[in-house]
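Take a look at the letters that make up each chain.
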Amino acid sequence: DGYLLDVYDLLPFDNPDGGPWKQGFEITYKGDEWSEQPLELFLIPHSHNDPGWIKTFDAYYHDQTRHILDNMVVKLSEDSRRKLIWAEISYFSKWWNDIDDQKRAAVKRLVEAGQLELVTGGWVMPDEANSHYFAMLDQLMEGHQWLQKHLGVKPRSGWAIDPFGHSPSMAYLLKGAGLHNMLIQRVHYSIKKHFAQQQTLEFLWRQSWDSSSRSDITCHMMPFYSYDVPHTCGPNPAVCCQFDFQRLPGRRTFCPWKIPPKPITDQNVQERALLLLDQYRQKSRLFRSSVLLVPLGDDFRYVESSEWDVQFNNYQKLFDYFNQHPELHIKARFGTLSDYFQALHQRLSTTRTTLPKLRGDFFSYADRDDHYWTGYFTSRPFYKRLDRKLEATLRATEILFSLTLAEMRRSHSDGRLAENFPAREYFQWLTTGRRNLALFQHHDAVAGTEREHVVVDYGTRLFQSILNLHQVLQSSAHWLLLLDKSQYHHDQSKPFLQMQSLLLIIGFCFRSLIIFNPTEQLRTSVISVVVDSPDARVVDAETGRQMAAQISAVWAEPNQPSTDTFQLSFVAELPPLSLVVYHVTKESSGSTPRARYTVHRRGNPPDIHTEHFQVSSLQGSELRLQSGLVRKIQVQFLWYGTRTGSRDKSGAYLFLPADEGAQLYTSSEPPLVRVSRGPIFSDITSHFPHFTHTVRLFHLDGHAGKSLEISNLVDIRSQVNRELVMKIVSDVASGNRFYSDLNGFQMQQRRTLAKLPLQANFYPMTSAAFLQDSMSRLSLLSAQSQGVASLKPGELELVLDRRLQQDDNRGLGQGVTDNKLTASLYHLLLEDRGGGAKEVGGASVDHLSLLAHLASLSLCHPPMTMVAPSNSQLPKLRPFQPLQSSLPCDIHLLNLKTLEDTQVRDAPGVQV
């Protein structure tokens, strides 16, 4: 029983040549090991279908996937011994919509007979590094609900053969969704070898914060390099390749080891069967039981009918031979994943064998040499940010839509919905939004490892859904706010409310601003809108109370303020899940407090400070704590290059930095620095050629005023083979340890190890990282996923963007050169630290503080601002406040989602 962190400390991470199994060792057996308990082999046919990678989702479906599934119905029906497992419900559901009732009935028969098993049951096989747990769960529910509705089945086993590293958050969600077993594949080759030597490739994966066995899930780790046939029948790929009958001479693929497969005949069956059995026996020695799992498949396999024939017919001959020769002590058959796990558990219990317990995660991944897959933690950062924008928009819209339907049903005695409220169309938009977010969690989507035209296809889906969801949000808010509900009128072309993104024209008649707080906590937020006058006042429409406000400049150029547009910012008090109405009017000249500016090109600009902070431009800041402790913090920017010469270079997946490591960012011109001071916030903005960096302080009480907001606007389109990094340097004595989050769900301790190459010490950061010593903790919270490292005590490095001119030989066939102007957003928090971490079963587990949780919540789920039209005939609006008070601050409302009607297809039901 152990922790993966301890395994990291233990292993030398050397890479000796292991013989035929290059990254392993020679496996020996005597031959009589199976005389008591025969080898029980399950050969599991599978086809790995990426929902977008080299081609778009639709192109793959049209060219390959639909043919695979069509042939599956025919070929599995021909012989009841044949099996197939299928994972991606996004494809399966699209195909289901295309087939007739007769075919659907055949599919149901195959599922009931156990010939076809749907594994994991998610919409996709998600990235486990960059995906947030909201979206991971969302894509899992989307798939599971589809399966429940159309096939009446619940998945029992998880199958994750291609995500580039594995997270225990996924294991937790699978266990919660009713699965009891799971399989993983892409794990660092040194860890695979160690686990193989210890026979711990099968283990009970336990959450690091759980001292009970409640979260345990049986996990099988595949031992070899890949999930293709050469690397799954046993340790020798040159032999295993001869048993991938899709590589027979004259077929589509061949064996790079130069020994092709041979069709199985009566003449050669004995020699072929014994050769294969030797591989099976060697592989079996790596596990504690004599039940053996061998996958049979690869990417987009079984497209042609003839491939089904060559694979199934040749293997059936081998199996028949095994079964006719009991002296070989092997029972072989085609199986599904659940067939395997059922036999495994049976065998473990009869032999009274227990599996070890393991805590921790499987990042960062290397598949060979020093090729660490730590680049994709940041690749395509524009889309990683867009992903979280859709996530926040979807959640807010789901919640408001559900509350709206509930209110409508409550206000009508017969429980019906409002006239001309397009509830069904909106429900379909919500479903599409959910599915577009789900699709983007695919391990080649949010990862940033897809072709350029595929990125555009995903991006279009994300953006279109954001726009559609805005309409649902606006319409729902419109109905909820009306005092007289009979005045509700839906006009698609002229919505009553607009999302506030453009200029707000104000006059002496008020304009109504509507703010939705999508969180379950009462919050104080600064709301900013662009107005056409430097004099404006904001009042709470319900109470008439004037809100504290400030006017700031809108900058046309870094040192050129606009003369006709201004930013109005005010402090809003927002009850949980509420819609609050504010009135904005033009004021007499000079009455609204204005931010004061100083702009510098050289020399030292002045400092800005609040109760907790003092900030000066890029030289650094001092953070003060209640205990009187002062911490010095500095922000630096760095470039990483990539390797030179003929060596492998960084690409979409891999981070292979140049030997000299990071170089300090320099520019020929000193930066233009703009300092603003105002009653609500003050900030310092530094303009460099490749980024604009802003540090903002909020002069607010409560937790909103306790963190420093850092934002960057990055543009590296002029660069060649460079990655831009923001480094935070502090005097926190953190040693070689830091913490980063896994999927926004839990924190994981990281140890920076000198025995590993630089790129191995980078980890995924979905939403948070922190450094700490005995006195204080420095937490960084983020609104997007990126790679993070702490290469020296007190430092945190965040990779902001990467532009790489070449492919890194993992199948993509492209570099990453489609960079965009990309925003990134962070909150920095310094906290006193009394007492240590909780001990759970011997290891310390640290969580974010409640303050950091709340700061992260407001960062990831910002208030949504809408604006009402300016005409004087405005109907009376009243604020909507569904909760009497905040939920307890240790409870998070993940979502409030309207389920489909049980009778009417694609229509909202009464269940939430």
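Just so it is clear, the structure is predicted and the values come from calculations on it, not from any experiment. (Residues numbered from 1 in each chain as written. Predicted model: local features only at pLDDT ≥ 70, side-chain atom pairs only at ≥ 80, totals over all residues. Heavy atoms only, no water.)

Thoughts on the overall build of the protein chain
Along its length, the protein chain carries 15 helices and 40 strands. Over its C-alpha trace the protein chain gives a radius of gyration of 29 Å, about what one expects of a compact globule, namely 29 Å for 912 residues. For the protein chain, the spread of C-alpha atoms along the three principal axes comes to 100 × 70 × 50 Å. Out of the 912 residues belonging to the protein chain, those deemed buried represent 61%. Per element, the accessible surface of the protein chain, about 34,400 Å² overall, is 50% carbon and sulfur. In the protein chain, 95 side chains carry a positive charge and 98 a negative one; their mean positions are 1 Å apart. (Helix = DSSP H or I, 4+ residues; strand = E, 2+ residues; numbered from the N terminus. Rg over C-alpha atoms; globule rule 2.2 N^0.38 Å. Buried < 20%, exposed > 50% of the residue type's maximum accessible area, 1.4 Å probe, protein only. Areas by Shrake-Rupley, 256 points an atom, 1.4 Å probe, with all protein chains shown as cover. Lys, Arg positive; Asp, Glu negative; His and termini not counted. Charge placed at Lys NZ, Arg CZ, Asp CG, Glu CD.)

Focus: the UniProt feature "domain: Glycoside hydrolase family 38 central" (unreviewed entry) in the protein chain
Following the UniProt record, one finds the feature "domain: Glycoside hydrolase family 38 central" (unreviewed entry) at residues 371–462. Here residues 371–462 runs as 65% helix and 0% strand, with 31 Å between its end C-alpha atoms. (UniProt positions renumbered as here; feature names shortened; annotations may be inferred.)

A few points about the state of the cysteines
Here the structure, examined in full by the defined rule, presents two disulfides. Disulfide partner of cysteine 233: cysteine 240, at an S-S distance of 2.0 Å. Judged by the sign of its S-S torsion, about -85 degrees, the cystine formed by cysteine 233 and cysteine 240 is left-handed. Paired through a disulfide, cysteine 241 and cysteine 255 show a sulfur-sulfur distance of 2.1 Å. (Disulfide = S-S within 2.5 Å.)

A look at the environment of serine 90
Position of serine 90 among the secondary structure elements: in helix H3 (residues 89–98). As a C-alpha pair, serine 90 and glycine 122 span 32 residues in sequence and 8.1 Å in three-dimensional space. Residues within four places of serine 90 in sequence aside, it is in contact with Pro51, Phe57, Trp123, Val124 and Leu439. (Contact = heavy atoms within 4.5 Å.)

A closer look at the pairing of strand E37 (residues 822–832)
The two faces of the sheet receive side chains in turn, since in a regular strand these alternate between them. Burial analysis of E37 places nine of its 11 residues in the buried class, the great majority of the element. Bridge analysis of strand E28 (residues 707–714) against E37 gives eight bridges, and the strand direction is antiparallel. Bridge assignment links valine 714 to a residue of E37, and that residue is threonine 822. (Pairing = 2+ DSSP bridges.)

Some details on the side chain of serine 338
For serine 338, the location among the structural elements is in helix H11 (residues 337–350). Classification of serine 338 by relative accessible area gives buried; the value is 6%.

A few points about the packing of H3 against helix H5 (residues 133–150)
For the pair H3 and H5, interaxial distance at closest approach is 10 Å and the crossing angle is 35 degrees. The handedness of the crossing between H3 and H5 is left-handed. Residues Ile89, Phe92, Ser93 and Trp96 of H3 form the contact with H5, whose own contacting residues are Gly143, Trp146, Leu147 and His150. (Axes fitted to C-alpha atoms, helices over the stretch in contact; angles between N-to-C directions. Left-handed = near helix turned anticlockwise from the far one by under 90°.)

Description of helix H7 (residues 189–198)
Burial runs high along H7: eight of the 10 residues are buried. Among the structural elements, helix H1 (4–10), strand E7 (202–206), strand E8 (217–221) and strand E11 (357–359) are those in contact with the buried residues of H7. Residue glutamine 199 follows H7 closely and has a positive phi angle near 55 degrees.

Here we look at the sheet that holds strand E14 (residues 523–531)
Read across the open sheet, the three strands follow the order E14-E17-E16; overall the sheet is antiparallel. In the strand order of this sheet, the two ends are held by E14 and strand E16 (549–557), each with one partner. Going across the sheet, the axis of each strand differs from the next one's by a mean of 30 degrees, ignoring polarity.

Quick notes on the sheet that holds strand E13 (residues 511–516)
Here we have five strands laid out as an open sheet, ordered E12-E40-E13-E18-E15, and antiparallel in their pairing. A strand with exactly one partner marks an edge of an open sheet, and here the two such strands are strand E12 (498–499) and strand E15 (536–540). On top of the sheet, helix H12 (residues 381–411) reaches E13, strand E18 (579–586) and strand E40 (864–867); it is set at about 100 degrees to E13, its chief contact.

Quick notes on the domain arrangement of the protein chain
In many analyses, interface size is given as the accessible surface area lost on bringing the parts together. Taken as a whole, the protein chain is organised into domain 1 (2–362), domain 2 (381–497 + 882–906), domain 3 (500–594 + 862–867) and domain 4 (631–831). The distance between the C-alpha centroids of domain 1 and domain 2 comes to 37 Å. Contacts between the two partners involve 33 residues from domain 1 and, on the opposite side, 32 residues from domain 2. When the two sides are added together, the surface that domain 1 and domain 2 hide from each other amounts to roughly 2,800 Å², 59% of it contributed by carbon and sulfur. For the domain 1 face of the interface with domain 2, the top three residues by lost area are Trp53, Phe134 and Glu142, together amounting to 21%. Inspection of the region where domain 1 meets domain 2 yields five salt bridges. Aspartate 138 is paired through a salt bridge with lysine 897; the nearest N and O atoms lie 3.8 Å apart. Here domain 1 is connected to domain 2 by 15 residue pairs in polar contact (both at pLDDT 80 or more). Partitioned by chemical class, the residues of the side of domain 1 that touches domain 2 number 16 nonpolar, nine polar and eight charged. (Domains from an automatic or database assignment. Buried area = accessible area lost by both parts, 1.4 Å probe. Salt bridge = Lys/Arg side-chain N within 4 Å of Asp/Glu carboxyl O. Polar contact = N/O pair within 3.5 Å; in protein donor to acceptor, adjacent residues only side chain to side chain. Nonpolar A, V, L, I, M, F, W, Y, C, P; charged D, E, K, R; others polar.)

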